[in-house]
Amino acid sequence: MAQAIASICGCLLALMLALNLTLFREGYYLHQLQNSGCLLLIYENISEAEQTIARTAGLRETILDGIVSQEDVDVAVIRRADEIWHGSTTQPDTPYADLVTYLQDTITKESGQMWTEADTVRYQQVQTVCEDMWRTNAVPPMANILNFLMQYRQVAWILVFVLAVLFVACQWLQIVFQKHWHQIGETLAAIGISVACGTTLTCIAISLSGWKNWMPATDAAYDLYVGWFRGLAPVVAACGFGLAALVWLASLYPYRMALYHESRKKHLTTKEQQL
């Protein structure tokens, strides 16, 4: 019974460790985000939205160009992602706080005429629309998925601790239940084999789950999603086979003790026969 529990706990421990090292880890997500084209796409969407807003307001289409840079977008999105990982619900800071003054100065310089009260009201409306557009677009891709994962992030580490304790305790019980060293070694080796087999089946299940179809290929964040989820199976394999290797190394000690006792017994038997 303890052997079966140890095998199950070992497989689950490998899976939970892999989740905490990949999908539940902020640095892993940010690395995938920076290596994807999502940040550039967000910047292009904001630039196009600025031109649409300016055109709708009757302004020169490119008048808002240069207010927001690629660096501004990168910083805002990454900062917002960091806030999501830490449970914050604040909205990203807007770069359009001084837009009314910017429009007044720029249009006055271009036209040579001072702005009117009606112009100021129109510029304020443009600023409000731009700020709403910024809050809508300057968000990390897969924000809903991140918010969902954050609900289980702390629980995952608790499960890792519980599974690790059970995994070690069940192996320790083998020393109590078994009477001979070679039986202890065989049991530990069998646990290692079970963990390795369970890990292999888990990786196969992940590969055959069709996870690439869980998000539409037309989604702007699809490439980020594929790169983000693709790393789970290799890490599961590394954790699972790593745990199995540790158990196999631990099983070598009982085998050595068994060989030592057998060698000592033979030596004593030979000595008695000589006497």
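Predicted model only: the values in this text are computed from it and were never measured.

## Comments concerning the overall build of the protein
Across its full length, the protein holds 10 helices and zero strands. In the protein, the succession of helices and strands from N to C terminus is α-α-α-α-α-α-α-α-α-α. Among the 275 residues that make up the protein, the fraction classed as buried is 41%. A sequence separation of at least 24 residues applies to 82% of the contacts in the protein between residues at least 6 apart.

## Brief notes about the nonpolar core
The biggest cluster of nonpolar side chains holds 76 residues, and the ones touching the most others in it are Tyr29, Tyr96 and Trp228. Counting residues per element, this core draws most heavily on helix α7 (residues 143–177), at nine residues. With sequence-adjacent residues up to four places away left out, Tyr29 is seen in contact with Ala81, Trp85, Pro140, Pro141, Met142, Leu146, Leu224 and Trp228.

## Points about the confidence of the model for the protein
Of the residues in the protein, 88% have a pLDDT of 70 or more, and the chain-wide mean is 84. Taken element by element, the predicted model of the protein shows its lowest mean pLDDT in helix α10 (residues 232–274) (72) and its highest in helix α3 (residues 38–56) (92).

## Side note on the pattern of salt bridges
If you walk through the whole model with that rule in mind, you get five salt bridges. With a shortest N-O distance of 2.4 Å, Glu110 and Arg60 are connected by a salt bridge. Separated by 50 residues along the polypeptide, Glu110 in helix α5 (residues 99–111) and Arg60 in the loop between α3 and α4 (70–85) bring together distant segments of the chain. Accessibility expressed as a relative area gives 48% for Glu110, which makes it partly exposed.

## A short note on the packing of aromatic side chains
This structure, assessed with the given rule, holds nine aromatic pairs. Measuring from centroid to centroid gives 6.4 Å for Tyr96 and Trp134, while their planes differ by 80°, and the two rings are edge-to-face. One end of the pair, Tyr96, is in the loop between α4 and α5; the other, Trp134, is in helix α6 (residues 117–137), and 38 residues separate them in sequence. Accessibility classification places Tyr96 together with Trp134 in one group, the buried group. Between Tyr225 and Phe229, the ring centres sit 6.0 Å apart and the planes meet at 40°, which makes this aromatic pair tilted.

Conventions we followed
Residues numbered from 1 in each chain as written. Predicted model: local features only at pLDDT ≥ 70, side-chain atom pairs only at ≥ 80, totals over all residues. Heavy atoms only, no water. Helix = DSSP H or I, 4+ residues; strand = E, 2+ residues; numbered from the N terminus. Buried < 20%, exposed > 50% of the residue type's maximum accessible area, 1.4 Å probe, protein only. Contact = heavy atoms within 4.5 Å. Core = buried A, V, L, I, M, F, W, Y, C linked by side-chain atoms within 4.5 Å. pLDDT = per-residue confidence, 0-100. Salt bridge = Lys/Arg side-chain N within 4 Å of Asp/Glu carboxyl O. Phe/Tyr/Trp six-rings, centres within 6.5 Å; stacked < 30°, edge-to-face > 60°.

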